[in-house]
Amino acid sequence: SSSSSSSSGIPRTAPEMLAATGSYDRTARLWHASRPAPPVPPLANGHSDYVLCVSFGPDARTLVTGGADGRICVWDCDDAAAGNPAPAACLRPGSNAAVRSVDASLPPPSEDDPGDVLSMTGGEDGTLRV
């Protein structure tokens, strides 16, 4: 691939093994573990700077990315695979400091809506946010 990865791959366990990478070209990519090419177009139009970290949600259908632009973006992997690689939501969790780590594997905040994503971020400014 022509993009440079700035984060390590994170395995996805269901329904198939996928990995995700963040890139210096401001995109995230989903990769099949058994294929050399990305299965979907790059996940773009979410970050205005490098994508520094990635994490799959507990449902294995949601990807959360953190960027040097201080934003986190939430992506629906099924939508991306269907040809809609736009983020479901993007937000700035606090200051403009780069988001250096993200963990989206926390259980949903409500049993009423298991599709909700609760994530924790670590910023370059030393903050931890939920």
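Further up the page is the structure itself.
What this report covers is the structure whose coordinates are included nearby. (Residues numbered from 1 in each chain as written. Predicted model: local features only at pLDDT ≥ 70, side-chain atom pairs only at ≥ 80, totals over all residues. Heavy atoms only, no water.)

## Topic: unusual backbone geometry
Alright, step 1. Positive phi values are uncommon outside glycine, yet R26 reaches one of about 75°.
Alright, step 2. Along the chain, R26 turns up in the loop between β1 (18-22) and β2 (28-32). (Helix = DSSP H or I, 4+ residues; strand = E, 2+ residues; numbered from the N terminus.)

## With respect to the side chain of D69
Alright, step 1. Within the secondary structure, D69 is located in the loop between β4 (62-67) and β5 (72-76).
Alright, step 2. The buried category is assigned to D69, whose relative accessible area is 10%. (Buried < 20%, exposed > 50% of the residue type's maximum accessible area, 1.4 Å probe, protein only.)

## A short note on the environment of Y50
Alright, step 1. Along the polypeptide, Y50 turns up in the loop between β2 and β3 (51-56).
Alright, step 2. Judged by its relative accessible area of 37%, Y50 falls in the partly exposed class.

## Brief notes about the sheet that holds strand β6 (residues 89-91)
Strands in a sheet are paired, the pairing made by backbone hydrogen bonds, and the direction either parallel or antiparallel.
Alright, step 1. With antiparallel pairing, the 4 strands of this open sheet are ordered in space as β3-β4-β5-β6. Sheet topology places β3 and β6 at the edges, where each strand pairs with a single neighbour. Averaged over all pairs of adjacent strands, the angle between strand axes in this sheet comes to 20°, irrespective of strand direction.
Alright, step 2. Pairing of β4 with β5, which is carried by 5 bridges, proceeds in the antiparallel orientation. Pairing of G66 across the sheet is with I72, part of β5. (Pairing = 2+ DSSP bridges. Axes fitted to C-alpha atoms, helices over the stretch in contact; angles between N-to-C directions.)

## Overview of the pairing of β2
Regular strands show a simple pattern: their side chains alternate between the two faces of the sheet.
Alright, step 1. Summarising burial for β2: 5 of the 5 residues are buried, a large majority.
Alright, step 2. The alternating pattern of β2 places A28, L30 and H32 and R29 and W31 on opposite faces, both of which are buried.
Alright, step 3. Pairing geometry for β1 and β2, over 5 bridges, is antiparallel. Looking at β2, one finds that G22 is bridged to A28.
Alright, step 4. Counting the residues in the hairpin turn of β1 and β2 gives 5 residues, including R26, whose phi is positive at 75°.

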